[in-house]
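Residue-level structural notes
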Amino acid sequence: MAVNKEAYLHLKEEFSKTSTTLIAVSKTKTASDIEEMYALGQRDFGENYVQELVEKEAQLPKDIRWHFIGHLQSNKVKYIAPFVHLIHGVDSFHLLREINKQAAKNNRIIHCLLQLHIAQEETKFGFDEYELTGLTGLNELKNVCVVGLMGMASFTDDTEKVRSEFKNLKSTFDKFEIQNSKFEILSMGMSSDYKIAIEEGSNMVRIGSMLFGAREYNK
Ligand SMILES: *Cc1c(COP(=O)(O)O)cnc(C)c1O
């Protein structure tokens, strides 16, 4: 499966005007697919599965910034702690504490995004706004730095629903940004809804199938 070079160059051009960071989501794709996109200049890649990420990291250039965008289990943090650039889907304080512990072991500060549950679907992980407000003790974790929020809209053709979910996330982001000087990243938008996400204030989008073609399996 080859990389869709045209789509990539088009997105790069589009995003250069809005200072949006493009994460190329390479889950289930091969190392050679990633190399192809690396050769076009892409450095930020997103992965969902710990073992797959660890294997790819070992084979691929060291200046790649690896984003973990999937659901992360606490017992697997140790495998990615030595190198991960940004963890997008932090959905519990327990997980954040474990990331802090593993980051300390590696003498690093790991940047994280808290995942907010914005879709009405029941299956999505994440905090709700109320829980987020109640989160205290973030500053005691010296080896993690919470730099923003991440969210996923409902999987639906109803664009107004998607837009209103993104609006909610942006307004929560704005509230927290006022209290927290380190907040700067709002990760929202995928292949199907990135345009709406950017219109609603996203500055980091995670795009897979549009760049790499459909995935063999979809989790
Ligand atoms: C797979 C995935 C993406 C990319 O989805 P596409 O529809 O292929 O662009 C983005 N974000 C998360 C969290 C994902 O799991």
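In this text the structure is predicted, and so the values were computed from the model without any measurement.

As a further point, take the site of the ligand. Surveying the vicinity of the ligand reveals 13 residues, the closest of which are Lys27, Asn48, Ser191, Ser209 and Arg215. One of the side-chain nitrogen or oxygen atoms of asparagine 48 is found 2.8 Å away from an oxygen atom of the ligand. With the chains in place, 91% of the 390 Å² that the ligand exposes on its own is no longer accessible. Here the residues of the shell around the ligand sort into six nonpolar, four polar and three charged.

Here the focus is the pairing of strand S2 (residues 44–47). Burial along S2 is two-sided: Asp44 and Gly46 facing one way and Phe45 and Glu47 facing the other are all buried. The pairing of strand S1 (residues 21–25) with S2 spans two bridges and is parallel. Residue pairing for S2: alanine 24 is matched across the bridge by phenylalanine 45. Remark: the S1/helix H2 (residues 31–39)/S2 crossover connection has right-handed handedness. Here four bridges tie S2 to strand S3 (residues 65–68), and the two strands are oriented parallel to one another. Bridge assignment links glycine 46 to a residue of S3, and that residue is histidine 67.

Another point: the pattern of salt bridges. As a working rule, side chains carrying opposite charge can pair if their charged atoms are close by. All told, the structure shown has 13 salt bridges when counted by the stated rule. Put simply, arginine 163 and glutamate 200 hold a salt bridge, and the shortest N to O gap is 2.7 Å. Taken together, the residues span a long stretch of sequence, with arginine 163 in helix H7 (residues 159–179) and glutamate 200 in the loop between helix H8 (194–199) and strand S8 (204–207) at a distance of 37 residues. The closest approach of N and O atoms between aspartate 174 and lysine 170, which form a salt bridge, is 2.8 Å. With aspartate 174 and lysine 170 both in helix H7, this residue pair falls four residues apart, about one helical turn. The partly exposed category is assigned to aspartate 174, whose relative accessible area is 29%. Via salt bridges that share partners, Glu160, Arg163, Lys167, Glu199 and Glu200 belong to a single interconnected network.

Attention now moves to the nonpolar core. Leu72, Ile80, Ile87, Ile99, Leu114 and Leu211 are the most contacted members of the largest nonpolar core, which totals 57 residues. In terms of residue count, H7 provides more of this core than any other element does, five residues in total. Residue contacts for leucine 211: discarding those within four places in its chain leaves Val3, Asn4, Ala7, Tyr8, Leu11, Leu22, Ala24 and Met37. Grouped together as the second largest cluster of nonpolar side chains are eight residues, Leu86, Cys145, Val147 and Ile185 included.

Reading guide: rules and limits
Residues numbered from 1 in each chain as written. Predicted model: local features only at pLDDT ≥ 70, side-chain atom pairs only at ≥ 80, totals over all residues. Heavy atoms only, no water. Near = heavy atom within 4 Å. Polar contact = N/O pair within 3.5 Å; in protein donor to acceptor, adjacent residues only side chain to side chain. Areas by Shrake-Rupley, 256 points an atom, 1.4 Å probe, with all protein chains shown as cover. Nonpolar A, V, L, I, M, F, W, Y, C, P; charged D, E, K, R; others polar. Buried < 20%, exposed > 50% of the residue type's maximum accessible area, 1.4 Å probe, protein only. Helix = DSSP H or I, 4+ residues; strand = E, 2+ residues; numbered from the N terminus. Pairing = 2+ DSSP bridges. Right-handed = clockwise from strand over helix to strand, strands pointing away. Salt bridge = Lys/Arg side-chain N within 4 Å of Asp/Glu carboxyl O. Core = buried A, V, L, I, M, F, W, Y, C linked by side-chain atoms within 4.5 Å. Contact = heavy atoms within 4.5 Å.

These figures capture arrangement, not role.
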